Amino acid sequence: MEKIYHSKPGLVDIREESRNRLFLAQKGWVEEQLDIGDYWFEFRGIKVGIEAKSGSDFISSWLDKQRGIRRLTEQLRRLKDNSDIAVLMYGQQLQPSDNGYVATSSYSGAQIPWVRIAHTLVSYQSQGVVCLPYNEYGVGRAHAVLAFQGWCEKTYRPGSYLAPASKYLINPRLYMLAAIPGVSEKLANALLARFGNIR
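The structure presented is a predicted model; accordingly, all values stated were derived computationally and were not measured.

(A) Here's a closer look at the overall build of the protein. A count of helical and extended segments in the protein gives seven helices and 10 strands. Expressed as a percentage of its 199 residues, the buried residues of the protein come to 47%. Here the analysis covers contacts within the protein between residues at least 6 apart in sequence; of these, 62% occur between residues at least 24 apart. When the accessible surface of the protein is totalled, it reaches about 10300 Å², and 50% of it is carbon and sulfur.

(B) Layout of the packing of aromatic side chains. Applying the stated criterion across every chain yields a total of six aromatic pairs. When the centroid spacing of 6.3 Å and the interplanar angle of 40° are considered together, the rings of Phe-41 and Phe-43 count as tilted. With centroids separated by 6.4 Å and ring planes inclined at 65°, the aromatic side chains of Phe-41 and Phe-148 adopt a geometry described as edge-to-face. Placement of Phe-41 in strand S3 (residues 39-43) and of Phe-148 in helix H5 (residues 140-155) is noted, with a sequence separation of 107 residues between them. Relative accessible area serves as the criterion here: at 0%, Phe-41 is assigned to the buried category. Using a relative accessible area of 0% as the deciding quantity, one classes Phe-148 as buried. By the ring-pair criterion, three or more aromatic residues cluster together here, those being Trp-29, Tyr-39, Phe-41, Phe-43, Phe-148 and Trp-151. Sitting over the face of the ring of Trp-62, Arg-70 holds its NZ or CZ atom 4.1 Å from the ring centroid.

(C) Layout of the pairing of strand S10 (residues 129-134). Burial of S10 is extensive: six of the six residues sit out of reach of the surface. Side chains of S10 alternate between two faces, with Val-129, Cys-131 and Pro-133 and Val-130, Leu-132 and Tyr-134 buried alike. Across six bridges, the pairing between strand S7 (residues 85-91) and S10 is parallel. Opposite Ala-86, over in S10, you have Val-129 as the bridge partner.

(D) Examining the environment of Asp-35 more closely. Here Asp-35 shows up in the loop between strand S2 (30-32) and S3. In this structure Asp-35 comes out as partly exposed when scored by relative accessible area, which is 40%.

(E) Examining the pattern of salt bridges more closely. Under the counting rule described, the total for this entry stands at nine salt bridges. Between Asp-64 and Arg-71 there is a salt bridge, with its nearest N and O atoms 2.8 Å apart. Looking at Asp-64, the relative accessible area reads 28%, which means it is partly exposed. A residue is classified by how much of its surface remains accessible, and Arg-71, at 23% relative accessible area, is partly exposed. Taking the shortest distance from any N to any O, the salt bridge between Arg-77 and Glu-74 comes out at 2.6 Å. Within this pair, Arg-77 and its partner Glu-74 are both found in helix H3 (residues 71-82), separated by three residues, close to a single helical turn. Given the relative accessible area of 39%, Arg-77 is considered partly exposed. Relative accessible area serves as the criterion here: at 22%, Glu-74 is assigned to the partly exposed category. Residues participating in the shared-partner salt-bridge network are Glu-51, Lys-53 and Asp-57.

(F) The arrangement of helix H4 (residues 114-126) in detail. Compared with the 18 Å implied by 1.5 Å per residue over 13 residues, the 18 Å span of H4 between its first and last C-alpha is a close match. Taken from the residues just after H4, Gly-128 is the one with a positive phi, measuring 95°.

(G) Here's a closer look at the pairing of strand S4 (residues 46-53). Along S4, seven of the eight residues are buried, which leaves the element largely enclosed by surrounding structure. Between S3 and S4, which pair antiparallel in sequence order, lie two residues; one of them, Arg-44, sits at a positive phi of approximately 50°. Pairing of S4 with S7 involves six bridges; the strand directions are parallel. Within the sheet, the bridge partner assigned to Val-48 lies in S7 and is Ile-85.

Conventions we followed
- Residues numbered from 1 in each chain as written.
- Predicted model: local features only at pLDDT ≥ 70, side-chain atom pairs only at ≥ 80, totals over all residues.
- Heavy atoms only, no water.
- Helix = DSSP H or I, 4+ residues; strand = E, 2+ residues; numbered from the N terminus.
- Buried < 20%, exposed > 50% of the residue type's maximum accessible area, 1.4 Å probe, protein only.
- Contact = heavy atoms within 4.5 Å.
- Areas by Shrake-Rupley, 256 points an atom, 1.4 Å probe, with all protein chains shown as cover.
- Phe/Tyr/Trp six-rings, centres within 6.5 Å; stacked < 30°, edge-to-face > 60°.
- Lys NZ or Arg CZ within 6 Å of the ring centre and 35° of its normal.
- Pairing = 2+ DSSP bridges.
- Salt bridge = Lys/Arg side-chain N within 4 Å of Asp/Glu carboxyl O.
- Expected span 1.5 Å × (residues − 1).

Here it is, written out as structure tokens:
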């Protein structure tokens, strides 16, 4: 039987980077070897599972296919099947470069057009997965998990749009706009400031 979240406090997978595990342990989280997801917590009886990917890990798990299915897609399917809220946190290195391809400084694989990644993220969101970019530096991943947990506990209402604001979580709408050819991150920020949404 697969080991998934089954109790309070929050759980962090023992294969996560030690600095993130230690930081969360100081906040009362417990380390366990998890078969599904990297982080689990519960609030008001709602189970939240988080699959966290650095920019390079996102690309490698997105490119890797098993029986014709992307490994990342299968990981998220299993996460959704076992949680009330499934979250994909992906590192900020996964972003468009000036030439329209994915800019990941730690991954030197194939040139991938950013629009394919943006389409993938929109597809995952349409299937009910919350997709949030996070700051990859230091213990940014652990901070992002705690920020999302805090937002859930204070703000979440069933049916609400999950888009917490935090200096550790990056606005996903910004990434969607920046995926449009000719739209820089600076222009995307200006458009969001002016119009408030991506419609």
